[in-house]
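Chain by chain, the residues:
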Amino acid sequence: MAQLAWLVPLFPLASYAVLAFRGRALGERAPYVAIGAMALSALLGWGAFLEQVAGAPPYVWRAVWAVGGERTLTVGYTVDPLSSITVAMITLVGGLIFVYSVGYMRGDPYYARFFAFLSLFCAGMLTMVLANSFLLMLIGWEIIGLCSYLLIGFYFRRRSANMAQMKAFLTTRVGDTLMLVGIMALFWQFGTVDYHAIFEAVREGGESASAVVRLGGWEVPLATLSALLVFGGPVGKSGQFPLHVWLPDAMEGPTPVSALIHAATMVAAGVYLVGRAYPLFFYTPHHEALAVVAWVGTLTALLAALMALAQDDIKRVLAYSTISQLGFMMAGLGVLGYAAGLFHLLTHAFFKALLFLAAGSVIHAVRTNNIKEMGGLRRFLPVTFWTFLAGFLALAGVFPFAGFWSKDEILLEAYHHAPAVYALLSATAFLTALYMSRLVAYTFFGTYRGPAHPEPDPWTPEDYARAGLHPPHHGHGTPHESPRVMTGPLVALAVGSLVVGFVGIPGTGPEGGSWIHHFLKFEGFKEAGIHAPSFSWPLALRSLGVALAGIAVAWLVYGLRAVPSERIRAWVGPVYPFLRNRMYIDALYGWVFVRGGLLLAAGLRWFDVHVVDGLVNLVGGVTVVTSRLHRLFDTYVVDGLVNLVGWVTRGLGLLLRPLQTGRAYNYILVAAAGLGLIVLVSLWRL
Amino acid sequence: MNAEALAFYALAAMVLVGGFLVVQSRNLVHAAISLVPTLLGVAGLYVLLNAEFVTAIQILIYVGAITVLILFVILLTEGATGLRVRQRNEQVPLALLVCGTLVVLFLVVLLRVPWGPPTGPMPAYNPGAVGRSFLIPYVLAFEVTSLVILASLVGAIVVARREG
Amino acid sequence: MIGPAHYLGVSALLFGLGLYGVLTRRNAVAILMGIELMLNAANINFVAFTKFVDPTFVRGHVAALIIITLAACEAVVGLALVINAYRHLETVNVDQVNLMKG
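All values derive from a computational prediction rather than experimental measurement.

Along chain C, the regular secondary structure elements total three helices and zero strands. Scanning chain C from its N terminus toward the C terminus, one meets helices and strands in the order α-α-α. Out of the 102 residues belonging to chain C, those deemed buried represent 65%. For chain C, the accessible surface area stands at approximately 3,500 Å², while carbon and sulfur atoms represent 71% of it.

This is the structure in structure tokens:
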């Protein structure tokens, strides 16, 4: 199976090609191409995964792409526990989202285009996961970035969507550029882009790995520098602070996109990369790169959770939640919780996708995103309600759902390795439970309020006409449950949110730890004498308590209305607008980078128009002036000389004319005088 | 002073005074008449130079024919009536200068020349010698000159003829 | 003794007078008279040379005779021209004859 793993990204790629050229013709049947491709990939992927579960050795295939002296560029793929379990997750969750999209996107004029881009995305993501060289990884990375851009701006006629897709692309580009520099630094240092070669070299240390770079007045170890540069990519793609600003706006895209790309997979790519390149981070002096990762993650988790508390858009709350949970994952990896962070990645994929899809179902029913305009929907959308609840409990970390096990792992590692991080993450867990409960309360409980103005259609009548469809009519009746094609995946994901966590139960693994800890091992830990902390019941109970406390508080405020939320809002004063406006970070970026960039552009344009064009015009002007001077010269000097010759001749002629008097006696006189002169002269000589 | 010198100076005076009068007389007729003593003086000088034949011819032709011819023409062209007419033109000062210079130069030249003795004796019989010269060494000049006379005769008649 | 210089001196002065007359006089006939004086001066030179320089073949006399002859011819033709000019131009003053001016 593993030998065929290279086909896994190719099925979705073929689906993209087919849909790109023949999608419009296929019409309603377009999704089947995509789903079929995903099914094939799932088959192969799960086959390889199960092989790995059964204990098969990792399979590596590589080829040299280019050679330059002693340096080589290689490509290839690796099937090992990490890559196989991630592939399994992507194909399963992705497949379910595809099925859901069949119902959600029905009636959209660009139905086929949607599935084409989704397929391309999956191809890129799977490539990135299976790659064993930074080069191939980068290719996949860039593809998923492109697809994110395309899918955020899927409703391209909406200006807000256009702005959002640009924001996403440009912000992640900042991170991508840093990552590229990091990869180049690695290539320069080690002469290869192959994971294995680089990680071995870093592990062994030695002179190339302990090189030092002088930056300003500081001496930074090159290993740390390259690791942190490479970390730049994940900071962007996984929405870590300070490059998190694009994720909330990415909610402009259709809900399945939010589920797949901005919850389960693409944003997870950053975390995956950190996990994949763990040696790069681990083998820095005092694991300092990992410390940076941990703190960036922790900060992100806390700030995002705070901001989630103040949002009214259901998808925005979930977006900030995603950012926060990604921070959790990074923090987990950073505090030497290799398996913990990656485990949370896998569980989060399930329940976050579930939450987004369920939110999509809600939005589909009530045609608004604003939770203040919802309420009491548990009566109208029962399946949606119960599956959303499952996802909610998983996210909040309530036993026995998946999130409890994975989040608790991270807290455990943090408690043992970095208590400060543990404290902050616990606070974040409390906030997580709080804002999610608020969300559930507003959406599903109470009385239905209904939207003030329903969301306008993203497409124009021309778009529908071109696709041969009629613009949909929306009745203003009571909200109703979504079709089975949408609720089916919801149920499946809900089951997953419960079951997937079980691989993290202590005792499932051979040495007493959990199975997942056994499956996802980092060899460096054993060498360094780092042991995974054993399960601690007190700690687990404490985290459960924190979660329940959050839910309780939310129930009091939002459910029972014991303390009206308005009073709290007034009591916290400026804190509420501060959080609601995303801590003004977006505004800051807008002022500094966007306006700054535009000012710079205007300045350069001024320069171009006045200085550069001025110079050009000057040259032209000088030429004109010179030619005028030349003409003057020609007229007065050259022509003057010519005229002078004529004038002189005429003058001489006029001077000599009087000699011709016509009188013979004058002539004789002259002749006689001449004779006299000659005689005189000849006498003089003699 | 011997006789020759006396004769010479007298004749020279005649020539030069006469010449002066020729070129200076207001009255054309006076000028023409003054030609006579001038030319006669020249003839006299020829005698002193032992050129008897030339003397004769001089008197015959110059004094006799040419002077008369000039007088005739003066009368025919009413130049005799021009007493009130200015006879000198505007070139007088310059002409004086030029002529004066030339004369001075000639005198300078001829005074510097070392005149030696003559190369041989003068022939005793002048006309014979002239005749022999014309007919033997210079016969061509002789013939051509006669042609010139012919041509000028014809030409003069043609030119001076009244029209019609 | 009366040598060649005397005679040549006389002839030089005579020549000068004649030239002055030619250059100065307005009447055409007067100019002709001046020419005659110049010719005579030349003749004096020739004859003087025969006596004082080279009497062989009396060459000087021959020259003088030819000159006299030619002077006569020339006077004839010249005077004929004067008459003709007088008929056409109503004047014998040479400074009034400037048709060739320019």
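When helices and strands are counted, chain B shows six helices and zero strands. Listed by position from the N terminus, the elements making up chain B come as α-α-α-α-α-α. Taken across its 164 residues, chain B has 37% of its residues classed as buried. Within chain B, contacts between residues separated by at least 24 positions form 58% of all contacts whose residues are at least 6 apart in sequence.

Residue and element names in this part refer to chain A. One pass over the full model with this rule turns up 48 aromatic pairs over all chains. Measuring from centroid to centroid gives 5.6 Å for Phe154 and Tyr155, while their planes differ by 70°, and the two rings are edge-to-face. Take Phe154 and Tyr155: they sit in the same class, and that class is buried. Centroid distance Phe154 to Trp459: 5.9 Å. Interplanar angle 85°. Geometry classified as edge-to-face.

Below, the discussion takes up the packing of helix α3 (residues 81–104) of chain A against helix α16 (residues 338–366) of chain A. Residue and element names in this part refer to chain A. Close contact between α3 and α16 brings their axes to 11 Å; oriented N to C, the two are set at 0°. Looking at the two axes, α3 sits roughly parallel to α16. On the side of α3, the interface is formed by Leu82, Ile85, Thr86, Met89, Leu92, Val93, Ile97, Tyr100 and Tyr104, while α16 contributes Tyr338, Leu342, Leu346, Ala349, Phe350, Ala353, Leu357, Gly360, Ser361 and His364. Residues that form the contact of α3 with α16 fall into these classes: 15 nonpolar, four polar and no charged.

This next bit is on the interface of chain B and chain C. In this assembly, 85 residues from chain B lie in contact with 71 residues from chain C. Of all residues in chain B, B:Val23, B:Leu49 and B:Tyr62 give up the largest surface area on contact with chain C, accounting jointly for 10% of the area buried on that side. Taken together, chain B and chain C are joined by zero salt bridges. Counting only elements with at least two residues in the side of chain B that touches chain C, the list comes to α1 (3–24), α2 (28–48), α3 (52–76), α4 (92–112), α5 (126–135) and α6 (139–160) of chain B. Among the residues making up the side of chain B that touches chain C, the classes are represented as 59 nonpolar, 19 polar and seven charged.

Glancing now at the pairing of strand β2 (residues 71–79) of chain A. All names here are of chain A. One ladder, built from nine bridges, connects strand β1 (residues 59–68) with β2; its direction is antiparallel. Among the inter-strand pairings, Val64 is bridged to a residue of β2, identified as Thr74. The loop that links β1 with its antiparallel partner β2 comprises two residues; one of these, Gly69, has a positive phi angle of about 65°.

Let us now look at the interface of chain B and chain A. Each partner contributes residues to the interface: chain B has eleven residues there, and chain A has eleven residues. Taken as a group, B:Gln91, B:Val98 and B:Leu105 account for 47% of the area that chain B buries against chain A, more than any other trio of residues on that side. Joining chain B to chain A, the criterion identifies zero salt bridges. Our count for the contact surface shared by chain B and chain A stands at zero residue pairs in polar contact (both at pLDDT 80 or more). Classifying every residue of the side of chain B that touches chain A gives seven nonpolar, two polar and two charged.

The next thing to look at is the pattern of salt bridges. All names here are of chain A. One pass over the structure, following the stated rule, counts 16 salt bridges over all chains. Across the pair Arg582 and Asp249 runs a salt bridge, and its minimum N-O distance is 3.3 Å. Placement of Arg582 in the loop between α27 (575–580) and α28 (585–656) and of Asp249 in helix α10 (residues 246–249) is noted, with a sequence separation of 333 residues between them. With relative accessibility at 14%, the residue Arg582 sits in the buried group. On the basis of relative accessibility, which here comes to 14%, the residue Asp249 falls in the buried class. A salt bridge links Asp312 to Lys372, with the nearest nitrogen and oxygen atoms 3.2 Å apart. Residue Asp312 is located in the loop between α14 (288–308) and α15 (314–334), and its partner Lys372 is located in the loop between α16 and α17 (377–380); the two are separated by 60 residues in the primary sequence. Since its relative accessible area comes to 11%, Asp312 is described here as buried. Here the salt bridges share partners, and the residues they tie into one network are Lys167, Asp249, Asp313, Arg316, Arg582 and Asp586.

We now examine unusual backbone geometry. In this structure, A:Pro242 follows A:Phe241 across a cis peptide bond, with omega equal to 5°. With respect to the helices and strands, the residue A:Pro242 is situated in the loop between α9 (222–237) and α10. At the junction of A:Phe399 and A:Pro400, the peptide bond is cis and its omega measures out at -5° in the coordinates. The residue A:Pro400 is located in the loop between α18 (382–396) and α19 (402–417) in this model. Non-glycine residue B:Asn50 carries a positive phi angle of around 55°. Here B:Asn50 lies in the loop between α2 and α3. The class of B:Asn50 is partly exposed, set by a relative accessible area of 31%. Here the phi dihedral of C:Val58 falls at roughly 35°; this positive angle occurs in a residue that is not glycine. Along the chain, the position of C:Val58 falls in the loop between α2 (28–52) and α3 (59–89). Its relative accessible area of 1% is what places C:Val58 among the buried residues.

Looking at chain C as a whole, the pLDDT averages 90, with 99% of positions reaching at least 70. Interface confidence in the predicted complex, given as ipTM, is 0.90; pTM for the same model is 0.67.

Moving on, we get to the environment of A:Arg542. All names here are of chain A. Position of Arg542 relative to the elements: it lies in helix α25 (residues 537–559). Sequence spacing of Arg542 and Ser426 is 116 residues, and the spatial spacing of their C-alpha atoms is 9.2 Å. Contact partners of Arg542, with chain neighbours within four places excluded, come to Tyr415 and Tyr422.

All names here are of chain A. One can describe the packing of helix α11 (residues 255–264) onto α16 by two numbers: an axis separation of 9 Å at closest approach and a directional angle of 160°. It follows from the interaxial angle that α11 and α16 lie roughly antiparallel. By crossing handedness, the relation of α11 to α16 is classed as right-handed. Here α11 contributes Thr255, Pro256, Ser258, Ala259, His262, Ala263 and Ala264 to the contact with α16, which in turn contributes His348, Ala349, Lys352, Ala353, Phe356, Leu357, Gly360 and Ile363. Of the residues in the contact of α11 with α16, the class split is nine nonpolar, five polar and one charged.

Here we take up the state of the cysteines. Residue and element names in this part refer to chain A. Under the counting rule described, the total for this entry stands at zero disulfides over all chains. Cys147 forms no disulfide, and the closest cysteine sulfur to it belongs to Cys122, at a distance of 8.8 Å. Taking relative accessible area as the criterion, Cys147 reaches 0% and is therefore assigned buried.

Moving on: the nonpolar core. One finds A:Phe134, A:Met137, A:Leu280 and A:Phe281 to be the most contacted residues of the largest nonpolar core, which totals 189 residues. Counting residues per element, this core draws most heavily on α16(A), which supplies 20 residues. By size, the runner-up hydrophobic cluster in this structure holds 71 residues, among which are B:Phe134, C:Val29, C:Met38 and C:Ile44.

Here we take up the side chain of A:Thr322. Residues and elements named next belong to chain A. Considering the arrangement of structural elements, one finds Thr322 in helix α15. A distance of 3.3 Å separates polar atoms of two side chains, one belonging to Thr322 and the other to Lys352. Not counting the four nearest positions on each side in its chain, Thr322 is found in contact with His262, Ala263, Val267, His348, Lys352 and Phe356.

This paragraph deals with helix α29 (residues 664–685) of chain A. Residues and elements named next belong to chain A. Over its 22 residues, α29 extends 32 Å from the first C-alpha to the last, a length consistent with the 32 Å expected when each residue adds 1.5 Å. Inspection of α29 places Tyr665, Asn666, Leu669, Ala672, Gly676, Val679 and Leu683 among the buried residues, and these make up the whole buried set. Along the long axis of α29, the arc covered by the buried residues comes to 150°, so they all point the same way. Turned more than 90 degrees away from the buried face of α29 sit Val670, Leu677, Ile678 and Arg685, all of them exposed.

Attention shifts here to the environment of A:Gly95. Residue and element names in this part refer to chain A. Its location among the elements puts Gly95 in helix α3. On the basis of relative accessibility, which here comes to 16%, the residue Gly95 falls in the buried class. For Gly95, the residues in contact, after removing those within four places along its chain, are Met38 and Ile90.

About the thresholds
- Residues numbered from 1 in each chain as written.
- Chains lettered and ligands numbered in written order.
- Predicted model: local features only at pLDDT ≥ 70, side-chain atom pairs only at ≥ 80, totals over all residues.
- Heavy atoms only, no water.
- Helix = DSSP H or I, 4+ residues; strand = E, 2+ residues; numbered from the N terminus.
- Buried < 20%, exposed > 50% of the residue type's maximum accessible area, 1.4 Å probe, protein only.
- Areas by Shrake-Rupley, 256 points an atom, 1.4 Å probe, with all protein chains shown as cover.
- Contact = heavy atoms within 4.5 Å.
- Phe/Tyr/Trp six-rings, centres within 6.5 Å; stacked < 30°, edge-to-face > 60°.
- Axes fitted to C-alpha atoms, helices over the stretch in contact; angles between N-to-C directions.
- Parallel < 35°, antiparallel > 145°, perpendicular 65-115°, else oblique.
- Nonpolar A, V, L, I, M, F, W, Y, C, P; charged D, E, K, R; others polar.
- Buried area = accessible area lost by both parts, 1.4 Å probe.
- Salt bridge = Lys/Arg side-chain N within 4 Å of Asp/Glu carboxyl O.
- Pairing = 2+ DSSP bridges.
- Polar contact = N/O pair within 3.5 Å; in protein donor to acceptor, adjacent residues only side chain to side chain.
- pLDDT = per-residue confidence, 0-100.
- Left-handed = near helix turned anticlockwise from the far one by under 90°.
- Disulfide = S-S within 2.5 Å.
- Core = buried A, V, L, I, M, F, W, Y, C linked by side-chain atoms within 4.5 Å.
- Expected span 1.5 Å × (residues − 1).
- Arc of directions from axis to C-beta.

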